[in-house]
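Residues per chain are reported as follows:
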Amino acid sequence: MGTSPIRSFRRYAVPLLLLLVASFQIHAVHRRGLSSWRGGGFGMYGSFSPNLNDLWWTDLESGETRRYVKEEDEATEDAHRAALRPFLTYVNEKALREYHASLPAAERERVRLEVLRLDFDPRTGVLSRKRMIEAGPGRRP
Amino acid sequence: MNGVGGTVSSEAAGWRHLRHDLSVAVAVFLCYVFMSDRLHEALQAFVALILLGAVVFQDRLLAAWQTWACVAVTFGAAIAMRPLDMANHHFLLTYASLALAVSLSGSPEERHACLRTNARWLLVALMGVATLQRLLQPTFMGGGFIGYELATGGFCRPILTAFPHAAEIMAENRGLSEALRRLPPGELGSVTLAPPFPGFELVTMSFVVAILAIEAWICLTLLLFPRKLLPHLSILVFAGTLAVLRQELTFISVVCMLGLFGSDPERKVLRAVYGILGVLFAVAPLKV
């Protein structure tokens, strides 16, 4: 019953792979805004689900607003939804700004994008919203 | 002759145990494949065909490492196609199929022991990572996430909905939450959720501590006493609690399947319990 490298590989390689993937996922959660629920890091039920994030598209000229949520009926999908949906899971301001910068110039000057999430205080029972990331004109306080 | 006879009967017993594990694995994987709406249809059909083939041609396919390697590759491909959409139990099933493939590629004498080691370390890694993730999340440690779930009926629904007053408050809280989310982003806004039961803050923080404690406990007991009954009893308590707390039935079935893989062959009752629970929790989402 020696311990050859192949034998050790058979026994420990898969758990090590789990740890490796989870390490990358934890790094992505804390450095790049990935939801702890996603990416195979087993961080579900550790934070608010990305399904509770809302991405708001605001036309500052007309005042029109659209809300994009994670599990929206695909029948109501508009041109932006497929591109914007990942930002609910991957809440990364740099990526959102890059996406905003890629919009046609006329749209870019009047459209504002922001991702909001819920926050709850169990002591007071107060449920509030927090702005996580934003891109576009008219930065809010 | 006795020695040869003993070897033959121990080999037969070894195969019997392994076949039990593999049969439960096939049931858990098949149920997931039929239930999942996130697997590409072609991948779904391919895995289903392989697993049904393993059911029909048990002697040739069930314990063949190639069978499980195909399942692992297919599940891995699904992750590669939609990495942010795949659930954590899909990742866990991928690791389980990989563990089956590498273990079964060894010699007949060591494959069951190899699967046992893989399963134990997978559970240690899973529970360790889950504990670490929660410790690193201020929303979890401060009780914000658990409190929100308890206040809106996301947790303990089967118990709390048995109390009409609590159920009514939770429904109102869900309405308030949705109304808040629909407010235009100009004003962030806030609402106050009513506690659905007395001692809400204390219960919330108790949940936070209990969840951390059970996951860390399973990780530690599996590390320190891998062959004792204690870690397995803890896993069964975890599975039962999770079934009441939040009906993550597929995840529970995969944990029970790994518990079965990780249990010693002489623990017949434990292995039977794991097998039954693994299959029951795998089948349950098909009915829900």
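Residues numbered from 1 in each chain as written. Chains lettered and ligands numbered in written order. Predicted model: local features only at pLDDT ≥ 70, side-chain atom pairs only at ≥ 80, totals over all residues. Heavy atoms only, no water.

Draft legend 1. Molecular detail of the overall build of chain A. Counting secondary structure elements, chain A contains five helices and four strands. For 141 residues, the compact-globule estimate of 2.2 N^0.38 gives 14 Å, and chain A exceeds it by more than 25% at 20 Å. Judged by the C-alpha coordinates and their principal axes, chain A covers about 75 × 45 × 30 Å. Here chain A, with 141 residues, has 50% of them falling under the buried criterion. Looking at chain A alone, contacts between residues at least 24 apart form 44% of all its contacts between residues at least 6 apart. Of the roughly 6900 Å² of accessible surface on chain A, a fraction of 55% belongs to carbon and sulfur atoms. Chain A carries 23 positive and 18 negative side-chain charges, and their two centres are separated by 11 Å. (Helix = DSSP H or I, 4+ residues; strand = E, 2+ residues; numbered from the N terminus. Rg over C-alpha atoms; globule rule 2.2 N^0.38 Å. Buried < 20%, exposed > 50% of the residue type's maximum accessible area, 1.4 Å probe, protein only. Contact = heavy atoms within 4.5 Å. Areas by Shrake-Rupley, 256 points an atom, 1.4 Å probe, with all protein chains shown as cover. Lys, Arg positive; Asp, Glu negative; His and termini not counted. Charge placed at Lys NZ, Arg CZ, Asp CG, Glu CD.)

Draft legend 2. Fine view of the interface of chain A and chain B. The partner chain B presents 63 residues to the 57 residues of chain A that form the contact. Interface area for chain A against chain B, summed over the two sides, is near 5300 Å², with a carbon-plus-sulfur share of 62%. Remark: the boundary between chain A and chain B carries four salt bridges. Here D54 of chain A ties to R181 of chain B by a salt bridge, and the two come within 2.9 Å at their closest N and O atoms. Linking chain A with chain B are 28 residue pairs in polar contact (both at pLDDT 80 or more), by the criterion used here. Within the residue set of the side of chain A that touches chain B, elements represented by two or more residues are α1 (5–32), β1 (54–59), β2 (65–69), β3 (111–121) and β4 (126–135) of chain A. Looking at which element gives the most residues to the side of chain A that touches chain B, the answer is α1 of chain A, with 16 residues. As paired elements, β4 of chain A and strand β1 (residues 190–192) of chain B share three bridges and run antiparallel to each other. Note on β1 of chain B: the bridge partner recorded for S128 of chain A is S190 of chain B. (Buried area = accessible area lost by both parts, 1.4 Å probe. Salt bridge = Lys/Arg side-chain N within 4 Å of Asp/Glu carboxyl O. Polar contact = N/O pair within 3.5 Å; in protein donor to acceptor, adjacent residues only side chain to side chain. Pairing = 2+ DSSP bridges.)

Draft legend 3. Highlighting the layout of surface pockets. The space that makes up the second largest pocket amounts to roughly 390 Å³. Forming the boundary of the second largest pocket are 21 residues, of which G33, L34, R117 and M132 of chain A together with Q137 of chain B lie nearest the centre. Listed by contribution, the elements that provide at least two residues to the lining of the second largest pocket are α1 and β4 of chain A together with α7 (138–141) of chain B. (1 Å grid on protein atoms, 1.4 Å probe; cavity = no way out; pocket = protein on both sides within 12 Å on 5 of 7 lines; lining within 4 Å. Points joined across faces, edges and corners; volume = space filled by probe spheres on them.)

Draft legend 4. The arrangement of the packing of aromatic side chains in detail. All chains considered together, the criterion is met by 15 aromatic pairs over all chains. Judged by centre distance (6.5 Å) and plane angle (65 degrees), the rings of F120 of chain A and Y148 of chain B are edge-to-face. Here F120 of chain A, found in strand β3, pairs with Y148 of chain B, found in helix α8 (residues 144–152), and the two come from separate chains. Of the two residues examined, F120 of chain A and Y148 of chain B, each falls in the buried class. (Phe/Tyr/Trp six-rings, centres within 6.5 Å; stacked < 30°, edge-to-face > 60°.)

Draft legend 5. Looking closely at helix α13 (residues 249–262) of chain B. Look at α13 of chain B: 20 Å from first C-alpha to last across 14 residues, which is about the 20 Å you get at 1.5 Å a residue. Burial runs high along α13 of chain B: 14 of the 14 residues are buried. (Expected span 1.5 Å × (residues − 1).)

Draft legend 6. Spotlight on the nonpolar core. One finds F42 of chain A together with F29, W68, L92, I146 and M257 of chain B to be the most contacted residues of the largest nonpolar core, which totals 100 residues. If one sorts the elements of this core by residue count, helix α1 (residues 2–35) of chain B sits on top with 11 residues. Non-local contacts of F29 of chain B, meaning those with residues more than four positions away in its chain, are made with L51, W68, V71, F75, L93, A96, S97 and M257 of chain B. Counting 15 residues, the second-largest nonpolar core is a separate cluster that includes V91, L103, V111 and L113 of chain A. (Core = buried A, V, L, I, M, F, W, Y, C linked by side-chain atoms within 4.5 Å.)

Draft legend 7. Fine view of the packing of α8 of chain B against helix α11 (residues 200–224) of chain B. All names here are of chain B. The interhelical angle for the contact between α8 and α11, taken along N-to-C directions, is 120 degrees, at an axis separation of 9 Å. Viewed along their axes, α8 and α11 adopt a mutual orientation that is oblique. As for the relative orientation of α8 and α11, their crossing is right-handed in sense. On α11, the residues that touch I146, G147, L150 and A151 of α8 are F200, V203, T204, F207, V208 and I211. The residue makeup of the contact of α8 with α11, split by class, is eight nonpolar, two polar and no charged. (Axes fitted to C-alpha atoms, helices over the stretch in contact; angles between N-to-C directions. Parallel < 35°, antiparallel > 145°, perpendicular 65-115°, else oblique. Left-handed = near helix turned anticlockwise from the far one by under 90°. Nonpolar A, V, L, I, M, F, W, Y, C, P; charged D, E, K, R; others polar.)

Draft legend 8. Highlighting the sheet that holds β4 of chain A. Spatial ordering of the open sheet is given by β2(A)-β1(A)-β3(A)-β4(A)-β1(B), a layout of five strands whose pairing is antiparallel. Bordering the open sheet on either side are β2 of chain A together with β1 of chain B, each of which pairs with just one other strand. If you compare each strand with its neighbour and ignore which way they point, the axes differ by 25 degrees on average. Relative to the sheet, α8 of chain B contacts β3 and β4 of chain A, its axis offset from that of β3 of chain A by approximately 80 degrees.

Draft legend 9. Molecular detail of unusual backbone geometry. Residue and element names in this part refer to chain A. A positive phi is found at F42, a non-glycine position, where the angle reads about 55 degrees. With respect to the helices and strands, the residue F42 is situated in the loop between α1 and β1. Within the chain, Y45 stands out as a residue other than glycine whose phi angle is a positive 60 degrees. By the element assignment, Y45 lies in the loop between α1 and β1. Given the relative accessible area of 11%, Y45 is considered buried.

Draft legend 10. How the structure looks around the packing of helix α2 (residues 41–56) of chain B against helix α4 (residues 65–81) of chain B. All names here are of chain B. The N-to-C vectors of α2 and α4 enclose an angle of 165 degrees; their axes lie 10 Å apart at closest approach. Looking at the two axes, α2 sits roughly antiparallel to α4. Read as a crossing pair, α2 and α4 show a hand that is left-handed. Residues L43, F46, V47, I50, L51 and A54 of α2 touch α4, and the partners they reach there are T67, W68, C70, V71, T74, F75, A77, A78 and M81. By residue class, the composition of the contact of α2 with α4 is 13 nonpolar, two polar and no charged.

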